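Here are the chains, one letter per residue:
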Amino acid sequence: MKKLNAKELERKYLESPNTCPFCGSTDIEADHGEFDHDLGFRNIECNGCNKNWVEEFKMSSVTFNADDMTEEACEQYDPTELHYRDTGGTDGG
Ligand SMILES: [Zn+2]
């Protein structure tokens, strides 16, 4: 049986994160994960072949509440760099 290298497995898994890269089963379970500042880790276990591995996460974006975007806060940050939720609800009749 051909042995896959780690890079090959990683690429395979990133293309299809719902599928076990070892046996192809979609019966995989994740725990709640642990987060440390901008990094996260999550343990995954495959119920098909009982292998386990760790998913690693890196924060890619942040969303602020529009209500918190006071002028004071905007002076400290370039608003064009920020993605914030526009609550903009309409009060229809
Ligand atoms: Zn598996």
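Just above sits the structure.
Residues numbered from 1 in each chain as written. Predicted model: local features only at pLDDT ≥ 70, side-chain atom pairs only at ≥ 80, totals over all residues.

**Focus: the overall build of the protein chain**
When you go through the protein chain residue by residue, the secondary structure sums to 2 helices and 6 strands. Along its sequence from the N terminus, the protein chain presents helices and strands in the succession α-β-β-β-β-β-α-β. A burial count over the protein chain gives 4% of its 93 residues as buried. Partitioning the intrachain contacts of the protein chain with sequence separation of at least 6 by distance along the chain shows that 15% fall at a separation of at least 24. (Helix = DSSP H or I, 4+ residues; strand = E, 2+ residues; numbered from the N terminus. Buried ≥ 20, exposed ≤ 12 C-beta atoms within 10 Å, placed from the backbone. Contact = placed C-beta atoms within 7 Å.)

**Examining the environment of Leu-4**
By secondary structure assignment, the location of Leu-4 is in the segment before α1 (6–15). Distance in space between the C-alpha atoms of Leu-4 and Pro-21 is 9.6 Å, their sequence separation being 17 residues.

**Regarding unusual backbone geometry**
The backbone of His-37 shows a phi angle near 55 degrees, a positive value even though the residue is not glycine. The topology assignment puts His-37 in the loop between β2 (34–36) and β3 (39–46). On the basis of neighbour counts, which here come to 6 C-beta atoms within 10 Å, the residue His-37 falls in the exposed class. Phi is positive for Asn-50, close to 60 degrees, though the residue is something other than glycine. Tracing the backbone through its elements, the reader meets Asn-50 in the loop between β3 and β4 (52–58). On the neighbour-count criterion, Asn-50 (9 C-beta atoms within 10 Å) is exposed.

**A word on the pairing of β3**
Sheet topology places strand β1 (residues 28–30) next to β3; 3 bridges connect them, and they run antiparallel. Bridged to Glu-29 within β3 is Glu-45. Of the pairings in the sheet, the one linking β2 to β3 comprises 3 bridges and is antiparallel in character. From the neighbouring strand, Glu-34 faces β3, where its bridge partner is Phe-41. Count of turn residues in the β2/β3 antiparallel hairpin: 2 residues, of which His-37 carries a positive phi of about 55 degrees. By the bridge criterion, 7 bridges tie β3 to β4 in an arrangement that is antiparallel. (Pairing = 2+ DSSP bridges.)

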